[in-house]
Amino acid sequence: MVGGTTIHRRSCDTVDGVIEIRDLTKRYGRTTAVDRLTLTVRPGQVTGFLGPNGAGKSTTLRLVLGLHRPTAGTALVDGAPFTDRPRGLRHVGALLDAGDVHGGRSARAHLRALARSNGIARSRVDEVLHEVGLAEVAGRRVGGFSLGMRQRLGIAAALLGDPPVLLFDEPFNGLDPEGVRWVRGLFRRLAAEGRTVLVSSHLMSEMEQTAEHLVVIGRGELIADENLAQFAARSGQVQVTVRTPDAATLGPALRVAGGTVSAAADGTLTVTGLTAARIGDLASGHGVTLHELATRTASLEEAFMALTADRVEYQAGAHR
Ligand SMILES: Nc1ncnc2c1ncn2[C@@H]1O[C@H](COP(=O)(O)OP(=O)(O)OP(=O)(O)O)[C@@H](O)[C@H]1O
């Protein structure tokens, strides 16, 4: 149910909500925005589409919607390019750019125009305005809306056609903590209703409480396509923090034993590849005093940063 309306996907037997991307490539001049991307996005779960700035997420979503033509490869929704589908917003709803709305119109007038051009009942407009919490400001000009209100309006537009497939590009931008929590709950509910929900973000912290499945891209290429638990298990690296007054002796000894060691300015060592017990034994063997020996698991955010580190397009202070 969305806004009190039951969806009737089963009445259209060609619609199961699967997005299939095969060898999808998009070049803009010398920039390869999407590079032989192959993945399948399935219904019934929230799929997080993650990657650093410039990774190609927005371009991929635009290719799925047929707003850009691929240089090579295909992006199909339910087995056909979306542009060949007659149902428009009733098949795929999307939030791409929340700023891309006529500022002189009211929120209600904006949604009514969309409903009219997509053969959607006018009554649906007030339902989605209520759903996203904009009912009270529905008559106000969109030009006066905050970024968070615009995001809510964009989400209302995506929900308007009660579609089985929903795409959201950076939907958390501009939302306050309450808004973030609301969007998370909304996405999970839409997925639980059996819809396909694809949500792009450049922040793992936004996705780890939202998505069940993760697709990670960098510089247009696929880096990971797995569920959240697999991602956490694969990259949840165990790190040991070691504080000692004799880092000059212990550091090399840990490296010789196969550890990867980085030293902070205050002498604290961060070690991967060795357990705390092994480090304690090595310290003891070298007569080194320890002041701290602590094990912790890297957060998903750290794992994501490590995974995409060499594919970051825009990096402060870095030269390419
Ligand atoms: N219309 C365009 N013309 C030229 N280059 C483009 C165009 N659209 C995107 N690009 C380039 O393609 C690459 C991918 O951009 P895209 O916006 O798809 O990435 P993104 O992952 O959505 O990034 P962000 O998180 O910053 O929104 C970038 O290098 C970008 O500069």
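This structure is a prediction, so every number in the text was calculated from the model and none was measured.

**Let's talk about the overall build of the protein chain**
Assigned secondary structure in the protein chain consists of ten helices and 13 strands. Each principal axis of the C-alpha atoms in the protein chain carries an extent, and together these give about 80 × 45 × 40 Å. Evaluated residue by residue, the protein chain yields a buried proportion of 38% over its 320 residues. Looking at the protein chain alone, contacts between residues at least 24 apart form 72% of all its contacts between residues at least 6 apart.

**With respect to the nonpolar core**
Ranked by size, the top nonpolar core spans 63 residues in total, and within it Leu111, Ala156 and Leu160 carry the most contacts. The element contributing the most residues to this core is helix 4 (residues 147–159), with seven residues. Not counting residues up to four positions away in its chain, the partners in contact with leucine 160 are Leu89, Gly93, Leu111, Leu114, Ala115, Ile120, Arg124 and Val128. Counting eleven residues, the second-largest nonpolar core is a separate cluster that includes Val242, Leu269, Leu274 and Ile279.

**Let's talk about the site of the ligand**
Close to the ligand lie 13 residues, the nearest being Tyr28, Ala33, Asn53, Ser58 and Thr59. Within the residue set of the shell around the ligand, elements represented by two or more residues are strand 2 (31–41) and helix 1 (57–64). Counting residues per element, the shell around the ligand draws most heavily on helix 1, which supplies three residues. When grouped by side-chain class, the residues that make up the shell around the ligand number three nonpolar, eight polar and two charged.

**Digging into the sheet that holds strand 13 (residues 292–297)**
Strand order in the open sheet formed by four strands is 11-12-10-13, and the pairing between neighbours is antiparallel. Looking at the sheet topology across the chains shown, the edges are occupied by strand 11 (260–263) and strand 13. With strand direction ignored, the average angle separating the axes of adjacent strands in the sheet is 20°. In this structure, strand 10 (residues 238–243) lies alongside strand 13, joined through six bridges in antiparallel fashion. Following the sheet pairing, arginine 243 is matched in strand 13 by glutamate 292. Across the sheet, helix 8 (residues 247–256) touches strand 10, strand 11 and strand 12 (269–272), and the angle it forms with strand 11 is around 155°. Contacting strand 10, strand 12 and strand 13, helix 9 (residues 276–285) crosses the sheet at an angle of about 160° to strand 13.

**Some remarks on the sheet that holds strand 6 (residues 165–169)**
Taken together, the six strands give an open sheet; going across it, the order is 5-6-7-3-8-9, and neighbouring strands pair in mixed fashion. Each end of this open sheet is capped by a strand with a single partner; those strands are strand 5 (92–95) and strand 9 (221–227). Neighbour to neighbour, the strand axes of the sheet diverge by 15° on average, direction disregarded. The pairing of strand 3 (residues 46–50) with strand 8 (residues 213–218) spans four bridges and is classified as parallel. Bridging across to strand 8, leucine 50 finds its partner in valine 216.

**Some remarks on the domain arrangement of the protein chain**
With domains assigned, the protein chain is organised as domain 1 (9–232) and domain 2 (238–297). A straight line from the C-alpha centre of domain 1 to that of domain 2 covers 46 Å.

**Observations regarding helix 2 (residues 107–117)**
Of all the positions in helix 2, only Ala107, His110, Leu111 and Ala115 are classed as buried. Axial view of helix 2: buried residues confined to an arc of 135°, hence all on one face. Exposed side of helix 2, more than 90 degrees from the buried face: Arg116 and Ser117 are the residues found there. The inward-facing, buried residues of helix 2 abut helix 3 (123–131) and helix 4. Where helix 2 ends, the next residue or the one after it, glycine 119, has phi of about 65°, a positive value.

**So, the packing of helix 2 against helix 3**
Packing of helix 2 against helix 3 leaves a shortest axis separation of 9 Å and a crossing angle of 130°. For the element pair helix 2 / helix 3, the angle class is oblique. For helix 2 against helix 3, the interelement crossing comes out right-handed. Counting all contacts with helix 2, which are made through Ala107, Arg108, Leu111, Arg112 and Ala115, the residues of helix 3 involved are Arg124, Val125, Val128 and Leu129. Residue classes in the contact of helix 2 with helix 3 are distributed as six nonpolar, no polar and three charged.

**Structural notes on unusual backbone geometry**
Of note in the backbone geometry, arginine 36 takes a positive phi value of approximately 50° without being a glycine. Positive phi, normally seen in glycine, also occurs at aspartate 162, with a value near 50°. Turning to its location among the elements, aspartate 162 is positioned in the loop between helix 4 and strand 6. With 23 C-beta atoms packed within 10 Å, aspartate 162 lands in the buried category.

**A look at the environment of alanine 80**
Looking at the element boundaries, alanine 80 is found in the loop between strand 4 (72–77) and strand 5. Along the backbone, alanine 80 and glutamate 20 are 60 residues apart, and their C-alpha atoms lie at a distance of 9.2 Å.

Conventions and cut-offs
Residues numbered from 1 in each chain as written. Predicted model: local features only at pLDDT ≥ 70, side-chain atom pairs only at ≥ 80, totals over all residues. Helix = DSSP H or I, 4+ residues; strand = E, 2+ residues; numbered from the N terminus. Buried ≥ 20, exposed ≤ 12 C-beta atoms within 10 Å, placed from the backbone. Contact = placed C-beta atoms within 7 Å. Core = buried A, V, L, I, M, F, W, Y, C linked by C-beta atoms within 7 Å. Near = placed C-beta within 6 Å. Nonpolar A, V, L, I, M, F, W, Y, C, P; charged D, E, K, R; others polar. Pairing = 2+ DSSP bridges. Axes fitted to C-alpha atoms, helices over the stretch in contact; angles between N-to-C directions. Domains from an automatic or database assignment. Arc of directions from axis to C-beta. Parallel < 35°, antiparallel > 145°, perpendicular 65-115°, else oblique. Left-handed = near helix turned anticlockwise from the far one by under 90°.

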